[in-house]
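# Structural description and commentary
One letter stands for each residue in the lines below.
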Amino acid sequence: MKQEKPAHLRNVIAHIVLIILSFMCLFFFYILIINATRSHADLQKGFSALPGNAFLKNLKSIANDGTFPMFRGILNSLIVSASSAAICTYFSSLTAYGLYVYDFKMKKAAFTFIMAILVMPTQVTAMGFLRLITKMGMYDSLLPLIIPSIASPAVFYFMYSYLKSSLPISLVEAARIDGSGEFRTFNQIVLPIMKPAIAVQAIFSFVGSWNNYFVPALVIQSKDKMTVPILIATLRGADFMNFDMGKIYMMITVAIVPIIIVYLLLSKYIIAGVTLGGVKE
């Protein structure tokens, strides 16, 4: 009985802490949605935990604003995020497979080089990247937001760790003995094994690309090619003294809907992927 009481007390404390943390995480989303239902005049009055009656008005304002292509921006963000997630996970998996399965002289050097790139901030190479895409004729297009995601050191390392724990070399050797080509082995045998890891990294790559502000701000100039973060930032800073705060909150609410949908559909992979690569079978 003496041992049960401390255990019961720990469970109660753990639940209280989890409830507090959940409240802190969800409170800001709740306030965002509440503010999206209030008019600019109501927002000027101060904080309110009760919803307003301007939800449809704010939604119509962003839908009918010809100077602010919000839904075009959402489409651009979907194209960039989905494409980036697809090529990032596939080619990172392919690179990890190559370094894990093959033995060659520069294997350790290649791994070290990729890990060195991992710690290099994006801002350090920003000016060189901007000059490069300008000379290649890709300035003010969506391609510079998609193509660089083909090389992601963080995703590569995750995939490499997962392969080490989940893919026996004997399986690859058996496929070779049966006459399977290298790309066929990777696409038909290795990729299905890596599906949980790929799903997790696809989610994080999608969200990271969706929320990316720095690179799109450098390379995008046309409004019809801007992504969601850029459009919201330009709207907020266009006229500081004359803007509709309710409209801005509604735009942010609409912009996070695709991310919420992705998380709801694939959240089980996120939970399962927390321990990926850490257990030997």
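Rules used throughout
- Residues numbered from 1 in each chain as written.
- Predicted model: local features only at pLDDT ≥ 70, side-chain atom pairs only at ≥ 80, totals over all residues.
- Heavy atoms only, no water.
- Helix = DSSP H or I, 4+ residues; strand = E, 2+ residues; numbered from the N terminus.
- Buried < 20%, exposed > 50% of the residue type's maximum accessible area, 1.4 Å probe, protein only.
- Contact = heavy atoms within 4.5 Å.
- Polar contact = N/O pair within 3.5 Å; in protein donor to acceptor, adjacent residues only side chain to side chain.
- Axes fitted to C-alpha atoms, helices over the stretch in contact; angles between N-to-C directions.
- Parallel < 35°, antiparallel > 145°, perpendicular 65-115°, else oblique.
- Left-handed = near helix turned anticlockwise from the far one by under 90°.
- Salt bridge = Lys/Arg side-chain N within 4 Å of Asp/Glu carboxyl O.
- Nonpolar A, V, L, I, M, F, W, Y, C, P; charged D, E, K, R; others polar.

On to the overall build of the protein chain. Across its full length, the protein chain holds 14 helices and zero strands. Looking at the protein chain as a whole, 37% of its 281 residues are labelled buried. For the protein chain, restricting intrachain contacts to residue pairs at least 6 apart in sequence, the fraction spanning at least 24 positions comes to 75%.

Let us look at the environment of Thr 95. Note on placement: Thr 95 falls in helix α4 (residues 70-101). Taking relative accessible area as the criterion, Thr 95 reaches 36% and is therefore assigned partly exposed. As for Thr 95 and Ala 151, which are separated by 56 residues in sequence, their C-alpha atoms are 9.1 Å apart. In contact with Thr 95, other than residues within four places in its own chain, are Ile 114 and Phe 156. Only 2.8 Å separates the side chain of Thr 95 from the backbone oxygen of Phe 91, close enough to count as a polar contact.

Attention shifts here to the packing of α4 against helix α10 (residues 182-193). Running from N to C, α4 and α10 cross one another at 110°; their axes reach a closest spacing of 12 Å. Here α4 is positioned roughly perpendicular relative to α10, judged by the angle of their axes. Crossing of α4 against α10: the hand is right-handed. Contacts between α4 and α10 involve Tyr 90, Ser 93, Leu 94 and Tyr 97 from the first element and Glu 182, Phe 183, Thr 185, Phe 186, Asn 187, Val 190 and Leu 191 from the second.

To continue, consider the pattern of salt bridges. All chains considered together, the criterion is met by three salt bridges. Here Lys 45 makes a salt bridge to Asp 42, at a shortest N to O gap of 3.8 Å. Asp 103 is the salt-bridge partner of Lys 107, the closest N and O atoms lying 3.3 Å from each other.

Next up on the list: the packing of α4 against helix α11 (residues 195-210). Viewed as axis vectors pointing N to C, α4 and α11 meet at an angle of 140°, and their least axial separation amounts to 8 Å. The orientation of α4 with respect to α11, classified from their angle, is oblique. Handedness of the α4/α11 crossing: right-handed. Between α4 and α11, the contacting residues are Ile 74, Ser 77, Leu 78, Val 80, Ser 81, Ala 82, Ser 84, Ala 85, Cys 88, Thr 89 and Ser 93 on the first element and Ile 198, Gln 201, Ala 202, Ser 205, Phe 206, Ser 209 and Trp 210 on the second. When the residues that make up the contact of α4 with α11 are grouped by side-chain class, the tally is 10 nonpolar, eight polar and no charged.

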